Structure formats: C-alpha cells, structure tokens
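Results of the structural survey
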Amino acid sequence: MSGGNMKRIYLIGFMGCGKSAIGRRLSFLLKVPFYDMDKEIVRQTGMTIPEIFEKFGENHFRDLETEFLRNFQEEYCIISTGGGTTMRKINRRIMRETGLVLFLDAPFKEIWRRIHKDPNRPIVRRSTREEIEALFKSRYPYYKAAAHITVRTEFRSLRQITQYAAFQVIRLKGE
Ligand SMILES: Nc1ncnc2c1ncn2[C@@H]1O[C@H](COP(=O)(O)OP(=O)(O)OP(=O)(O)O)[C@@H](O)[C@H]1O
Ligand SMILES: O=C(O)C1=C[C@@H](O)[C@@H](O)[C@H](O)C1
Ligand SMILES: [Mg+2]
C-alpha cells in the first residue's frame, strides 16, 4: 500500500452510517483501542456538540476536529470520525498519512431512518429531509476520495460489516 503508514484505522462517512457501532466492534475483533472523535471532543471541552455549535458556531467545532487529529497521540487505534470531518482537506491528509481510511457507505434512505429523530445532531435538528439529502450528496464524493477502502453496508448486519472491514484491513496491511 502506498502513502502513509497503516497504524490507525479511521472510519468515515455520513451521520448514522455506523461509524461508532462498527468502530466498537472492530476494536473488539482486532484488539486495538477505540476512540470516537465526537465523544473525545465532548470530553475535552466539557460541552455537548449542540452546545459547541450554539455557543461558538460550526466553524469552531470544525477547528476542534482538526486540532484533535493533529494532536492525538495514540498510534495503534481505531477512530470513528464525525460526519463532517472528511470535508476539510487537511483532515483528509492527516487521516491518509497516519492510517487506513474506511468509508462506510450506507444508502440515504436508511441513514435518514436512523438519524431524523436524534436530538443530539444539530445539523439534523435545523434542516429538512431534502436539505440533509442534498448535504449527503454533496459529501459523498469526498468520502469516496478520502477512503482507502469503501465498505457497502446495505443488507449487511453489523457483524458482517465488521468482519468484512477486518478482512480488508488485514489484507491491505499485508500488501
Ligand atoms: N448495518 C447496520 N445494521 C443495523 N443497524 C445499524 C447498522 N449500521 C448502523 N446501525 C445502527 O444505526 C445507528 C447509527 O449508527 P452509529 O451511531 O454507529 O452511526 P455514526 O456513523 O457513528 O453516526 P454519528 O454521525 O453520530 O457519528 C446505531 O443505532 C447503530 O447501531
Ligand atoms: O455531519 C456532521 O457535520 C456532523 C456529524 C456528527 O458526527 C458530529 O460531528 C456533528 O454533529 C456534525
Ligand atoms: Mg458516531
């Protein structure tokens, strides 16, 4: 595999595609620690994500994401990123240089079913279904471009996706 080292595994994709759920399971299967970027930011700031958005604005939250990627020290780990993390070029670069990037590719219909009632997602709270679908479409090419591996999740259980992802990780690390 060309490019950066393969020490970390980054899970990327839209809100609700399964990054946290798969990250936890993959961590158990591969026996490496798991970190959820959203949760780490909440822990470090002592604020919830809606609070950060309301008080300091989305741009500040985006800066916190980049800061996290720049400063995080753990070498061997799995990191589930936020849904918007992949939109910044610098974030894509850091992720590709420090690990293997996995895109969890889920269809919008399924994603909407999972996320539309969640009060902890400020972007969903303030938008219509059409707006979220437009956001999904605009982000899709960035996820595809940033990923070393795209994992299609439709019609697959969490267990099947985890096993497939683990298999791909091991295959790529061996190259
Ligand atoms: N393939 C799947 N089959 C069944 N349920 C799934 C699947 N993928 C995800 N889910 C469920 O969908 C919900 C959203 O998944 P999860 O929280 O992991 O998404 P996420 O990508 O981490 O979203 P966020 O943007 O909040 O970080 C969870 O309840 C999870 O268990
Ligand atoms: O898609 C997004 O822009 C976001 C997704 C979540 O993971 C959080 O990082 C936050 O709610 C923003
Ligand atoms: Mg998550």
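Definitions and cut-offs
- Residues numbered from 1 in each chain as written.
- Chains lettered and ligands numbered in written order.
- Predicted model: local features only at pLDDT ≥ 70, side-chain atom pairs only at ≥ 80, totals over all residues.
- Heavy atoms only, no water.
- UniProt positions renumbered as here; feature names shortened; annotations may be inferred.
- Helix = DSSP H or I, 4+ residues; strand = E, 2+ residues; numbered from the N terminus.
- Buried < 20%, exposed > 50% of the residue type's maximum accessible area, 1.4 Å probe, protein only.
- Contact = heavy atoms within 4.5 Å.
- 1 Å grid on protein atoms, 1.4 Å probe; cavity = no way out; pocket = protein on both sides within 12 Å on 5 of 7 lines; lining within 4 Å.
- Points joined across faces, edges and corners; volume = space filled by probe spheres on them.
- Nonpolar A, V, L, I, M, F, W, Y, C, P; charged D, E, K, R; others polar.
- Near = heavy atom within 4 Å.
- Polar contact = N/O pair within 3.5 Å; in protein donor to acceptor, adjacent residues only side chain to side chain.
- Areas by Shrake-Rupley, 256 points an atom, 1.4 Å probe, with all protein chains shown as cover.
- Sits in = over half its atoms within 2 Å of the grid points.

1. Overview of the UniProt feature "binding site: Mg(2+)" (unreviewed entry) in the protein chain
Per the UniProt entry, the sites bearing "binding site: Mg(2+)" (unreviewed entry) are Ser-20 in this numbering. When you line up the elements, Ser-20 lands in helix 1 (residues 19-30). In this structure Ser-20 comes out as partly exposed when scored by relative accessible area, which is 28%. Ignoring sequence-local partners within four residues, the contact set of Ser-20 consists of Phe-34, Asp-36 and Ser-80.

2. A few points about the layout of surface pockets
Each pocket or cavity is described by its volume, and for the largest pocket that value is around 660 Å³. The wall of the largest pocket is formed by 30 residues, among which Asp-38, Ile-49, Asp-118, Asn-120 and Arg-121 lie closest to the centre. Of all the elements in the fold, those that place two or more residues in the lining of the largest pocket are helix 1, helix 2 (37-45), helix 3 (49-56), helix 4 (58-71) and helix 7 (122-125). Here the residues of the lining of the largest pocket sort into ten nonpolar, ten polar and ten charged. Each pocket or cavity is described by its volume, and for the second largest pocket that value is around 210 Å³. Taken together, 15 residues line the second largest pocket, and the ones lying closest to its centre are Glu-110, Arg-114, Thr-153, Glu-154 and Arg-156. Mapped by element, the contributors of at least two residues to the lining of the second largest pocket are helix 1, helix 6 (108-115) and helix 9 (158-173). Among the residues making up the lining of the second largest pocket, the classes are represented as eight nonpolar, three polar and four charged.

3. Here we look at the site of ligand 2
Taken together, Met-15, Asp-38, Ile-49, Phe-61, Arg-62, Gly-82, Gly-83, Gly-84, Pro-122, Ile-123 and Arg-139 make up the full set of residues near ligand 2. The contact in question runs from an oxygen atom of ligand 2 to an N or O atom on the backbone of Gly-83, over 3.1 Å. One of the side-chain N or O atoms of Arg-139 is found 2.7 Å from an oxygen atom in ligand 2. Considering ligand 2 on its own, with 310 Å² of exposed area, one finds that the protein chains cover 97% of that surface. Its atoms largely coinciding with the cavity grid, ligand 2 occupies the largest pocket. Contributing elements (two or more residues each) for the shell around ligand 2: helix 4 and helix 7. Here the shell around ligand 2 is built from residues that sort into five nonpolar, three polar and three charged.

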